[in-house]
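Structural description and commentary
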Amino acid sequence: MLVWGLLLTALLAFHRVLPGFAGALSLIEAAFPWLGLLVLALLVSAIIVRTPAAFIGAGAAALAWCIVVLPAALPVPAIAATAETTTVVSENLEAGNGDAAAMVAALADDEPDVIVLQELSADIRDTVADALAERYPYSFVAGTVGVWSTTELSNGQRLDLGLGWKRALSVDVETPQGATRLFAVHLASFRPGEHEDRDGMLESLATTLAADDSKRLVVIGDFNTSTDDHKLVPVTDEAALVRTDTAGFPFTWSAGIPLVALDHAMARGIGAASVHVLPANGSDHRPIALTIGR
């Protein structure tokens, strides 16, 4: 039991410097929140066997999990939507989704200031745009990623982030807090043995953010990357991950039984921000809503 506890402690404490093992480490990191169950089992076992070694192993693992993983599940104060705040909703619509127009109309009914969408495949792009056009007159689209806003957009740029085709964008949004640069992203899919495109996009995104001199900056979208993934660290070093305002891990995939957080919001130069996961609405991802203040 001591050995298992110390191995788990070492994994949690040093995962950022371990080799990737052809993407296997990213899969293990996606399960970090669920390792809390293993930690609990170790603690229960230590209480049963009552040996110093068992308590040391279980205690070390519990401490590491609480330091490394648990903070993502602890809520920050919610920011109430007012005329002085900005709410951005983001969702991966799931390419070819026949209900996409109704889904985005329902998102718009909650009156967010900005809607960011991914997987705008050619067969749903026009119907989605039509569903949002009246309430969101300003838009900017890059490939399968798009932004719709109630306020003016400017300085739009389409980004490929090293992928070879446009699957991200940046655009300036007029907000009550001042002009805010918004990065909308959809990173390449991650599968065991097929992670190079995603990893490259993360590196390119980190470099792009480092070179951006905007005073206020938000990054949001489908990262296909879990919260604890070591490959996400260079990005969060440039723009801090926005924490949830509700207790629990902000899992977004899969929509029916959420097991992992793949959709994130990050911010830099923002005084206050919080995010929460919205209910499933017909996509394979759950939407997220980011609220920012001064």
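Scroll up for the structure.
What counts and what doesn't
Residues numbered from 1 in each chain as written. Predicted model: local features only at pLDDT ≥ 70, side-chain atom pairs only at ≥ 80, totals over all residues. Heavy atoms only, no water. Phe/Tyr/Trp six-rings, centres within 6.5 Å; stacked < 30°, edge-to-face > 60°. Helix = DSSP H or I, 4+ residues; strand = E, 2+ residues; numbered from the N terminus. Buried < 20%, exposed > 50% of the residue type's maximum accessible area, 1.4 Å probe, protein only. Pairing = 2+ DSSP bridges. Axes fitted to C-alpha atoms, helices over the stretch in contact; angles between N-to-C directions. Contact = heavy atoms within 4.5 Å. Polar contact = N/O pair within 3.5 Å; in protein donor to acceptor, adjacent residues only side chain to side chain. Patch = residues over 30% accessible without salt bridge, like charges linked within 9 Å, V, L, I, M, F, W, Y side chains within 5 Å. Areas by Shrake-Rupley, 256 points an atom, 1.4 Å probe, with all protein chains shown as cover. Salt bridge = Lys/Arg side-chain N within 4 Å of Asp/Glu carboxyl O.

**A word on the packing of aromatic side chains**
- Counted according to the given criterion, the structure contains three aromatic pairs.
- With a centroid separation of 5.6 Å and 25 degrees between ring planes, the pair formed by Trp34 and Phe251 is classed as stacked. A residue pair is termed long-range when its members are at least 10 positions apart, and Trp34 in the loop between α2 (24-30) and α3 (35-49) and Phe251 in the loop between β9 (240-241) and β10 (263-268) qualify at 217 residues.
- A relative accessible area of 13% places Phe251 in the buried class.
- Centroid distance Phe249 to Phe251: 5.7 Å. Interplanar angle 10 degrees. Geometry classified as stacked.

**What about unusual backbone geometry?**
- Looking along the chain, the bond that leaves Trp253 and enters Ser254 is cis, with omega of -10 degrees.
- The residue Glu111 is not glycine, and still its phi comes out positive at about 60 degrees.
- Along the chain, the position of Glu111 falls in the loop between α5 (100-109) and β2 (114-118).
- With relative accessibility at 66%, the residue Glu111 sits in the exposed group.
- Phi is positive for Asn224, close to 45 degrees, though the residue is something other than glycine.
- With respect to the helices and strands, the residue Asn224 is situated in the loop between β8 (217-222) and α8 (233-236).

**Things to note about the sheet that holds strand β4 (residues 145-149)**
- Taken together, six strands build an open sheet; the order of strands is β3-β4-β2-β1-β12-β11 and the sheet is mixed. One side of each edge strand has no neighbouring strand; the edge strands of this open sheet are β3 (138-142) and β11 (273-277). Shown here is a sheet whose adjacent strand axes are inclined to one another by a mean of 15 degrees, direction ignored.
- Relative to β2, strand β1 (residues 86-92) runs parallel, the two sharing five bridges. When the sheet's bridge partners are listed, Ser90 is paired in β2 with Val116.
- Where α5 meets the sheet, its contacts fall on β1 and β2, and the angle it forms with β2 comes to roughly 155 degrees.

**Description of the side chain of His195**
- Mapped onto the secondary structure, His195 falls in the loop between β7 (180-186) and α7 (196-211).
- Classification of His195 as buried rests on a relative accessible area of 13%.
- Side chain to side chain, His195 and Asp199 meet in a polar contact 2.8 Å long.

**Quick look at the environment of Ala101**
- Tracing the backbone shows Ala101 in helix α5.
- Sequence-wise, Ala101 and Arg125 are 24 residues apart; in three dimensions their C-alpha atoms are separated by 9.0 Å.
- Ignoring anything within four residues of it in the chain, the contact list for Ala101 reads Thr127, Val128 and Ala131.

**Overview of a nonpolar patch on the surface**
- On the surface, a cluster of nonpolar side chains totalling about 510 Å² of accessible area is made up of Met1, Leu40, Leu43, Val44, Ile48 and Val49.
- Its place among the elements puts Ile48 in helix α3.

**Observations regarding the sheet that holds strand β6 (residues 168-173)**
- The six strands are arranged β5-β6-β7-β8-β10-β9 in an open sheet whose pairing can be described as mixed. Two strands lie at the open edges of the sheet, namely β5 (153-159) and β9, each paired on one side alone.
- Two strands pair when backbone bridges link them, and β7 and β8 are joined in this way by six bridges, in the parallel orientation. Bridged to Leu182 within β8 is Val218.

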